[in-house]
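A look at the structure
Chain residues, written in single-letter form:
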Amino acid sequence: MVTTLLGYVFFLIAAYALLIIGVDVHTAEQLQQIIPVALRSYIHIPGFVFVMFGIMASMFISYNFRDMISGIKALYFVFIGNKIDFSVYLESIKDIAQYTNTHDVESLEEYANQIKYPFLRDGLLLLVNGYKKDEVREILNARIENEMQREQGDVNFFKSCVAYAPGWGMLGTTIGLIQMFSAKIDAASGFGPILNGLAVAFTTTLYGLFFMNFVFQPIVDKIKQRTEEEVLMKSMIVDGLCMIREKKHPIYIQDKLSSFMPGKRSLSLPKVAQLST
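Residues numbered from 1 in each chain as written. Predicted model: local features only at pLDDT ≥ 70, side-chain atom pairs only at ≥ 80, totals over all residues. Heavy atoms only, no water.

To continue, consider the overall build of the protein chain. A count of helical and extended segments in the protein chain gives 10 helices and zero strands. Beginning at the N terminus, the succession of helices and strands in the protein chain can be written as α-α-α-α-α-α-α-α-α-α. Relative to a compact globule of 277 residues, whose C-alpha radius of gyration would be 19 Å, the protein chain shows 28 Å and is clearly more extended. Taking the principal axes of the C-alpha coordinates as reference, the protein chain spans close to 95 × 65 × 25 Å. Here the protein chain holds 277 residues, and 38% of them are scored as buried. Accessible area for the protein chain stands at about 16,800 Å²; split by element, carbon and sulfur atoms hold 62% of it. (Helix = DSSP H or I, 4+ residues; strand = E, 2+ residues; numbered from the N terminus. Rg over C-alpha atoms; globule rule 2.2 N^0.38 Å. Buried < 20%, exposed > 50% of the residue type's maximum accessible area, 1.4 Å probe, protein only. Areas by Shrake-Rupley, 256 points an atom, 1.4 Å probe, with all protein chains shown as cover.)

Take a look at the structure:
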């Protein structure tokens with residue numbers, strides 16, 4: 001309810017910016033003086049405010065605070081923590097396997113509680129608590145699936161932004177064309193109102209496309225890429241813990257899990273040397 005009301009407030013701000021401030025030629029020209037000369041042809045402040053607050057209005061009406069906070073938190077993985085180091089977790093699993101070769105896995109409880117990555121910590125605690133291999137795999141795979149669904153919510157959040165951005169740009173274009181065709185030409189204002197309406201029409205489309213292609217769609221792709229990498233890493237951890245339960249040799253575990261490591265793709269096939277006969 002609160003987010004819906006805030007959405008309508010943002011809509012009123014967007015409407016006021018374009019329909020009240022944007023239609024006043026004198027005010028629009030004063031605002032343009034703030035912008036560097038080289039960018040004045042591309043920046044129309046009321047139009048930019050209209051598109052930006054319009055997108056915010058649609059998002060606040062469509063989503064609740066929990067979904068929006070989750071989406072904002074996902075930006076951390078886009079701009080900061082977007083790299084997963086598989087080798088760190090592979091070495092950790094190998095060390096655990098070496099330890100369990102000579103010790104009972106139940107003695108790892110204190111070590112497990114010190115692990116910072118929750119998925120590995122909780123998976124190791126399943127072994128400590130005596131779960132069988134199939135039970136460990138079933139529990140952890142269910143967790144992976146549930147976490148994927150939650151992260152898909154973040155993807156859907158920014159996909160909505162991708163969908164709303166061009167729509168608000170086209171709405172601004174329509175308003176600009178209406179202002180242009182309804183403007184009256186007189187000796188005092190000249191062609192100013194017509195040119196101002198034309199500026200609104202073109203710049204709002206520009207901002208809608210900019211937000212869609214340069215801001216929101218790359219965020220969607222980054223989150224999807226991060227999710228796929230994290231699922232692959234968690235699958236590696238599941239396989240490693242299951243092999244530890246089976247008391248597989250550490251070298252065997254390392255060799256099998258190495259297939260999960262991202263490698264560089266060769267651009268050409270290497271030649272194979274001929275065997276001498």
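Take the nonpolar core next. Counting residues in hydrophobic clusters, the biggest one holds 33 residues, and the most contacted among them are Tyr117, Leu124, Met236, Ile237, Leu241, Ile244 and Leu257. When residues of this core are traced back to their parent elements, those giving at least two are helix H5 (86-102), helix H7 (118-128), helix H8 (133-182), helix H9 (192-245) and helix H10 (250-257). A total of eight residues in this core trace back to one element, the largest contributor, which is H9. In this structure, Tyr117 is in contact with Tyr89, Glu230, Met233, Lys234 and Ile237, ignoring residues within four places of it in sequence. (Core = buried A, V, L, I, M, F, W, Y, C linked by side-chain atoms within 4.5 Å. Contact = heavy atoms within 4.5 Å.)

When their charged atoms lie close together, side chains carrying opposite charge are able to pair. Inspection of every chain in the model, using the stated rule, returns eight salt bridges. For Lys133, the salt bridge identified is with Glu246, shortest N-O distance 3.1 Å. Here the residue Lys133 occupies a position in helix H8, and Glu246 occupies one in the loop between H9 and H10, the gap between them amounting to 113 residues. Here Glu246 falls in the partly exposed class, since its relative accessible area comes to 38%. In this structure, the salt-bridge partner of Lys234 is Glu147, at a minimum N-O distance of 2.1 Å. Here Glu147 lies in helix H8 and Lys234 lies in helix H9, a separation of 87 residues in the sequence. (Salt bridge = Lys/Arg side-chain N within 4 Å of Asp/Glu carboxyl O.)

This part is about the packing of aromatic side chains. Under the defined criterion, the tally for this structure stands at 13 aromatic pairs. Considering the side-chain rings of Tyr63 and Phe157, the 5.1 Å spacing of their centres and the 65° angle between planes classify their relative orientation as edge-to-face. Here Tyr63, found in the loop between helix H3 (45-62) and helix H4 (65-79), pairs with Phe157, found in helix H8; they are 94 residues apart in sequence, far enough to count as distant. With respect to burial, Tyr63 and Phe157 carry one shared label: buried. Ring centres of Phe157 and Phe158 lie 5.0 Å apart, and the angle between their planes is 85°; on these two criteria the pair is classed as edge-to-face. (Phe/Tyr/Trp six-rings, centres within 6.5 Å; stacked < 30°, edge-to-face > 60°.)

This part covers the packing of H3 against H8. How two helices sit against one another is set out by the angle between their axes and by the gap between those axes. As a packed pair, H3 and H8 sit with axes 9 Å apart at the nearest point and diverge in direction by 135°. What the angle tells us is that H3 and H8 run oblique. For H3 against H8, the interelement crossing comes out right-handed. Residues Phe50, Val51, Gly54, Ile55, Ser58, Met59 and Ser62 of H3 form the contact with H8, whose participating residues are Phe157, Ser160, Cys161, Tyr164, Ala165, Trp168, Gly169, Leu171, Gly172 and Ile175. Its residues assigned to classes, the contact of H3 with H8 shows 11 nonpolar, six polar and no charged. (Axes fitted to C-alpha atoms, helices over the stretch in contact; angles between N-to-C directions. Parallel < 35°, antiparallel > 145°, perpendicular 65-115°, else oblique. Left-handed = near helix turned anticlockwise from the far one by under 90°. Nonpolar A, V, L, I, M, F, W, Y, C, P; charged D, E, K, R; others polar.)

So, on to the side chain of Lys94. Looking at the secondary structure, you find Lys94 in helix H5. The charged side chain of Lys94 is buried without a salt bridge, its nearest counter-charge being Glu91 at 4.9 Å. In this structure the side chain of Lys94 is engaged in a polar contact, spanning 3.3 Å, whose partner is the side chain of Gln254. Every residue in contact with Lys94, bar those within four places of it in the chain, is listed here: Pro250 and Gln254. (Lys, Arg positive; Asp, Glu negative; His and termini not counted. Polar contact = N/O pair within 3.5 Å; in protein donor to acceptor, adjacent residues only side chain to side chain.)

Let us look at the environment of Lys248. For Lys248, the location among the structural elements is in the loop between H9 and H10. Judged by its relative accessible area of 32%, Lys248 is partly exposed. Separated by 150 residues in sequence, Lys248 and Gln98 place their C-alpha atoms 9.6 Å apart. Contact partners of Lys248, with chain neighbours within four places excluded, come to Asn101, Met243 and Ile253.

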